[in-house]
Amino acid sequence: GAGVSQSPSNKVTEKGKDVELRCDPISGHTALYWYRQSLGQGLEFLIYFQGNSAPDKSGLPSDRFSAERTGGSVSTLTIQRTQQEDSAVYLCASSLGTGGYNEQYFGPGTRLTVT
Amino acid sequence: SQQGEEDPQALSIQEGENATMNCSYKTSINNLQWYRQNSGRGLVHLILIRSNEREKHSGRLRVTLDTSKKSSSLLITASRAADTASYFCATALLPSGSARQLTFGSGTQLTVLP
């Protein structure tokens, strides 16, 4: 079946603008995760959803970052008033459940460049 | 902060040789996973080893886990040019019953020369 998809694949935005990144998980996967990968910080966890709720928002780097998930499916990561340090590849992953042995399937990522 | 540290940071070998990458971590884990990434984009899951397992095989991949040393290794046998990629270990932490974010290591860039 289809894997995790993300859109857009690339986004260039001006500093100060808001951006929305979208993730479509694998159908039937209840857990969804957002990560960020940048040169200086490696791969960082941002937030995860179990269904539509986000029990752990500890990884969000600032209050400019928010995420939501609707219908237990699509998720949107929103970055307000973007800064240059937000430039990174944003990766989404999903898994069947939240048990410890559920492997995470990653999307291709969205490359965000803030100019 | 990153849980895992990997070494080497970069590894270059000839096709046909074996490649070994190591990962160390700091806290107790539920499981450890290895991922592969091409060209800085999506990650592909390779193998998962549980904390009560010591060794696991999948095709040309062999993973070991030593929880007493908090370390793991990934061995790729008979490497191919197509194995060229970045390899990351990722740990899923305790407690049980909760969705587990993955904490990634810094990665090893493997180059297999034809």
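(A) Representation of the interface of chain A and chain B within the structure. Residue-level contacts link 25 residues of chain A with 21 residues of chain B. Of the roughly 1,900 Å² buried where chain A meets chain B, counting both sides, 49% is carbon and sulfur surface. Along the contact surface separating chain A from chain B lie zero salt bridges. Linking chain A to chain B there are five residue pairs in polar contact (both at pLDDT 80 or more). Secondary structure elements with two or more residues in the side of chain A that touches chain B: β4 (31-38), β5 (42-50) and β9 (88-95) of chain A. Among the elements that take part in the side of chain A that touches chain B, β5 of chain A stands out by supplying four residues, more than any other. When the residues that make up the side of chain A that touches chain B are grouped by side-chain class, the tally is ten nonpolar, twelve polar and three charged.

(B) How the structure looks around the pattern of salt bridges. Residue and element names in this part refer to chain A. What the rule picks out here adds up to six salt bridges over all chains. Notably, a salt bridge pairs arginine 64 with aspartate 86, separated by 2.8 Å at the nearest N-O pair. Taken together, the residues span a long stretch of sequence, with arginine 64 in the loop between β6 (53-56) and β7 (65-69) and aspartate 86 in the loop between β8 (75-79) and β9 at a distance of 22 residues. Each of the two residues, arginine 64 as well as aspartate 86, counts as buried.

(C) Seen up close, the nonpolar core. Core analysis: the largest hydrophobic core is formed by 21 residues, its most contacted members being Met21, Leu32, Trp34, Leu74, Ile76, Tyr87 and Leu110 of chain B. For this core, the secondary-structure elements that each account for two or more residues are β2 (10-14), β3 (19-24), β4 (29-37), β5 (43-50), β7 (61-66), β8 (71-76), β9 (85-93) and β11 (108-113) of chain B. Leu32, Ala54, Leu60 and Ala88 of chain A belong to the second largest nonpolar core, which has 20 residues in total.

(D) Seen up close, the sheet that holds strand β3 (residues 19-24) of chain A. Residue and element names in this part refer to chain A. Strands sit in the order β1-β3-β8-β7 across an open sheet of four strands; the sheet is antiparallel. Strands with a single pairing partner mark the edges of an open sheet, and in this sheet they are β1 (5-7) and β7. Neighbouring strand axes in the sheet, compared pairwise and without regard to direction, differ in orientation by 15 degrees on average. For β1 and β3, the ladder comprises three bridges, and the chain directions are antiparallel. The residue of β3 that forms the bridge with serine 7 is arginine 22.

(E) The side chain of serine 38 of chain A, seen in detail. Residues and elements named next belong to chain A. Relative to the helices and strands, serine 38 resides in strand β4. For serine 38, a relative accessible area of 17% translates into the label buried. Excluding residues that lie within four positions of it along the chain, serine 38 makes contacts with Glu44, Ser87 and Ala88.

(F) The arrangement of the pairing of β9 of chain B in detail. Residue and element names in this part refer to chain B. The buried fraction of β9 amounts to eight of the nine residues, a majority that puts the element mostly inside the structure. Here β4 pairs with β9 via eight bridges, running antiparallel. Note on β9: the bridge partner recorded for glutamine 37 is serine 86. Across three bridges, β9 lies against β11 in antiparallel orientation. Its bridge partner being in β11, tyrosine 87 is matched across the sheet by threonine 108. Taken together, the three bridges between β9 and strand β10 (residues 102-104) define a ladder with antiparallel strand orientation. Directly across from alanine 90, in β10, lies its bridge partner phenylalanine 104.

(G) A look at the sheet that holds β8 of chain B. Residues and elements named next belong to chain B. Pairing within the open sheet is antiparallel, and its five strands lie in the order β1-β3-β8-β7-β6. Two strands in the sheet have a free side with no partner beyond their single neighbour: β1 (5-7) and β6 (55-58). The sheet shows a mean angle of 15 degrees between the axes of neighbouring strands, direction not considered. Sheet topology note: the β3/β8 ladder contains six bridges and is antiparallel. Pairing of alanine 19 across the sheet is with isoleucine 76, part of β8.

What counts and what doesn't
- Residues numbered from 1 in each chain as written.
- Chains lettered and ligands numbered in written order.
- Predicted model: local features only at pLDDT ≥ 70, side-chain atom pairs only at ≥ 80, totals over all residues.
- Heavy atoms only, no water.
- Contact = heavy atoms within 4.5 Å.
- Buried area = accessible area lost by both parts, 1.4 Å probe.
- Salt bridge = Lys/Arg side-chain N within 4 Å of Asp/Glu carboxyl O.
- Polar contact = N/O pair within 3.5 Å; in protein donor to acceptor, adjacent residues only side chain to side chain.
- Helix = DSSP H or I, 4+ residues; strand = E, 2+ residues; numbered from the N terminus.
- Nonpolar A, V, L, I, M, F, W, Y, C, P; charged D, E, K, R; others polar.
- Buried < 20%, exposed > 50% of the residue type's maximum accessible area, 1.4 Å probe, protein only.
- Core = buried A, V, L, I, M, F, W, Y, C linked by side-chain atoms within 4.5 Å.
- Pairing = 2+ DSSP bridges.
- Axes fitted to C-alpha atoms, helices over the stretch in contact; angles between N-to-C directions.

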